[in-house]
Amino acid sequence: MNTLSAFYQNLGLTLSLLVIATFLLAGMIKGVIGLGLPTIAMGLLGLAMAPSQAAALLIIPATLTNVWQLAFGGHLLGLIKRLWPMLLAIFIGTGAGTVWIGMAGGQWVVRALGGALMLYALSGLFLPALRVGGQSERWLGPLCGVVTGVITSATGVFVIPAVPYLQALGLSKDELVQALGLSFTVSTLALAAGLLWRGALGGGELSASLLALIPAVLGMLLGQWLRQRISAVLFKRVFFIGLGVLGGHLLING
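Everything quoted here is computed from the prediction, not taken from an experiment.

Peer 1: In this structure, what is going on with the overall build of the protein? I would like to understand it.
Peer 2: When helices and strands are counted, the protein shows 11 helices and zero strands. Going from the N terminus to the C terminus, the protein shows its helices and strands as α-α-α-α-α-α-α-α-α-α-α. For the protein, whose C-alpha radius of gyration is 17 Å, the value lies close to the compact-globule estimate of 18 Å for 254 residues. For the protein, the spread of C-alpha atoms along the principal axes amounts to about 50 × 45 × 35 Å. Partitioning the intrachain contacts of the protein with sequence separation of at least 6 by distance along the chain shows that 84% fall at a separation of at least 24. Surface summary for the protein: the accessible area is close to 11,500 Å², and the carbon and sulfur share equals 70%. Between the centroid of the 12 positive side chains of the protein and the centroid of its 4 negative side chains there is a distance of 7 Å.

Pasting the structure below:
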């Protein structure tokens, strides 16, 4: 508890409120569309703190909400059998990227985060629905996994190119939601291992991350309630536009 108090005292009241508001918003978006918690958290917190510190804060909220997401739907075993090459490649790519690049801070990391967010937003807004055939899946899955892992190790964002790839597999709605939760869980655990190896994930960070779970879960419950009452298409469009603006800001002013 003392470690937790010290961490947020060092952040100050303004940044502590930013952490709470960020995870509430990110959890709500994840509750509506099944993704977006780490992306929003890294994007907003990256405006005010080092990427490694922001990534440490999202470890517990991202892991538990992703496990929650992948646990329901009835397709888990089949998805693991189909996606394990990509999932293994994500873990390997994150580990290699941690050793090779790391998340050491600096303007180039913030700008890389902004670039990753912009790519994700543009792909969501403008790319047509792609389809990956069975033959292509054998080599494209591991390739996307490695690239996703390297980007994760540098920016803390693990949606490019994993999310567009999973969306192109022609999965059902329930399968896609579970597949996203599975991919994000592996990415989060790999990121946590990398941060721990680099000494950026101590007791203070883990305690602070545990506290951030509260607004994240509240936001996710609110998002699931909203999902039944608004157009998912409209919400996704607004989400991607906002994400693109945020990514552009980080890319230009990083």
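Next, the rest of the story.
Peer 1: Please clarify how the environment of V177 should be interpreted in this entry.
Peer 2: Here V177 is to be found in helix 9 (residues 173-197). Residues V177 and G73, spaced 104 residues apart in sequence, show a C-alpha to C-alpha distance of 8.3 Å.

Peer 1: I tried to follow the packing of helix 5 (residues 76-100) against helix 9 on my own but got confused; where do I start?
Peer 2: Each pair of packed helices can be summarised by the angle the axes make with each other and by the distance between the axes. It is at 9 Å that the axes of helix 5 and helix 9 come closest, and there the two elements cross at 25°. On the basis of their axis angle, the class for helix 5 and helix 9 is roughly parallel. The hand of the helix 5/helix 9 crossing is right-handed. Across the interface between the two elements, L76, L79, I80, L83, M86, L87, I90, F91, T94, T98 and V99 from helix 5 touch E175, Q178, A179, L182, S183, V186, S187, L189, A190, L191, G194 and W197 from helix 9. Tallied by class, residues from the contact of helix 5 with helix 9 come to 16 nonpolar, six polar and one charged.

Calculation rules
- Residues numbered from 1 in each chain as written.
- Predicted model: local features only at pLDDT ≥ 70, side-chain atom pairs only at ≥ 80, totals over all residues.
- Heavy atoms only, no water.
- Helix = DSSP H or I, 4+ residues; strand = E, 2+ residues; numbered from the N terminus.
- Rg over C-alpha atoms; globule rule 2.2 N^0.38 Å.
- Contact = heavy atoms within 4.5 Å.
- Areas by Shrake-Rupley, 256 points an atom, 1.4 Å probe, with all protein chains shown as cover.
- Lys, Arg positive; Asp, Glu negative; His and termini not counted.
- Charge placed at Lys NZ, Arg CZ, Asp CG, Glu CD.
- Axes fitted to C-alpha atoms, helices over the stretch in contact; angles between N-to-C directions.
- Parallel < 35°, antiparallel > 145°, perpendicular 65-115°, else oblique.
- Left-handed = near helix turned anticlockwise from the far one by under 90°.
- Nonpolar A, V, L, I, M, F, W, Y, C, P; charged D, E, K, R; others polar.

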